[in-house]
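Listed below, chain by chain, are the residues.
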Amino acid sequence: NSVRDAAVEADRVLSDFSVAMSARKDVFDVMCKYMETCTPPTPESEQLLQRVIRDGKRVGLHLEKEKQDRIKEINSKMSSLGIEFQNNMNEDKTALYFDNDQLKG
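Notes on the structure in this doc start here. As the structure is a computational prediction, the values presented were derived from the model and not from experiment.

On to the overall build of the protein. In terms of helices and strands, the protein carries five helices and zero strands. What you see in the protein, going N to C, is helices and strands ordered as α-α-α-α-α. With respect to the principal axes defined by its C-alpha atoms, the protein has extents near 70 × 35 × 25 Å. Here the protein holds 105 residues, and 15% of them are scored as buried.

Encoded structure:
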């Protein structure tokens with residue numbers, strides 16, 4: 001059980017890190033500026049750049065600070081609830097029993 005608890009805690013830490021990294025306004029701003037002023041050297045680079053900018057917009061990095069903070073708070077809460085839900089599912093010991101008649105189509 002201590003191993004599972006440690007894994008859940010590690011999942012929480014990684015999730016918090018992921019939320020924080022996806023909300024890096026400084027990186028988003030640099031990518032937007034690059035897209036405005038330069039041509040990416042390869043189609044793959046351009047696609048990556050477009051995805052980074054798209055993902056930044058999805059987490060509100062183009063919005064004012066108050067809205068960014070609220071979106072970050074919501075994403076963090078959703079992540080935490082997802083981890084808690086998965087942990088509850090992992091610990092659930094409910095068993096369902098059916099007879100053959102109940103299993104017929």
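Going through the model one piece at a time under the given rule, you end up with seven salt bridges. The salt bridge involving Asp 26 is made with Arg 24; its shortest N-O contact spans 2.7 Å. Owing to a relative accessible area of 32%, Arg 24 belongs among the partly exposed residues under this scheme. For the salt bridge of Lys 104 with Asp 101, the shortest nitrogen-to-oxygen distance reads 3.6 Å.

Rules used throughout
In this convention, every chain numbers its residues from 1, walking through the sequence in written order. pLDDT decides what is reported in this predicted model: residues at 70 or higher carry local features, side-chain atom pairs at 80 or more are listed and counted, and totals for whole chains, interfaces and linings draw on all residues regardless. Hydrogens and water molecules were not included; the side-chain quantities draw on all heavy atoms of the structure. In this text, helices come from DSSP runs of H or I with a minimum length of four residues, and strands from runs of E with a minimum of two, each type numbered from the N-terminal end. Accessibility here uses a 1.4 Å probe with only protein chains present; expressed as a share of the type maximum, an area under 20% marks a residue as buried, one over 50% as exposed, and anything in between as partly exposed. The working definition used for a salt bridge is a side-chain nitrogen of Lys or Arg within 4 Å of a carboxyl oxygen of Asp or Glu.

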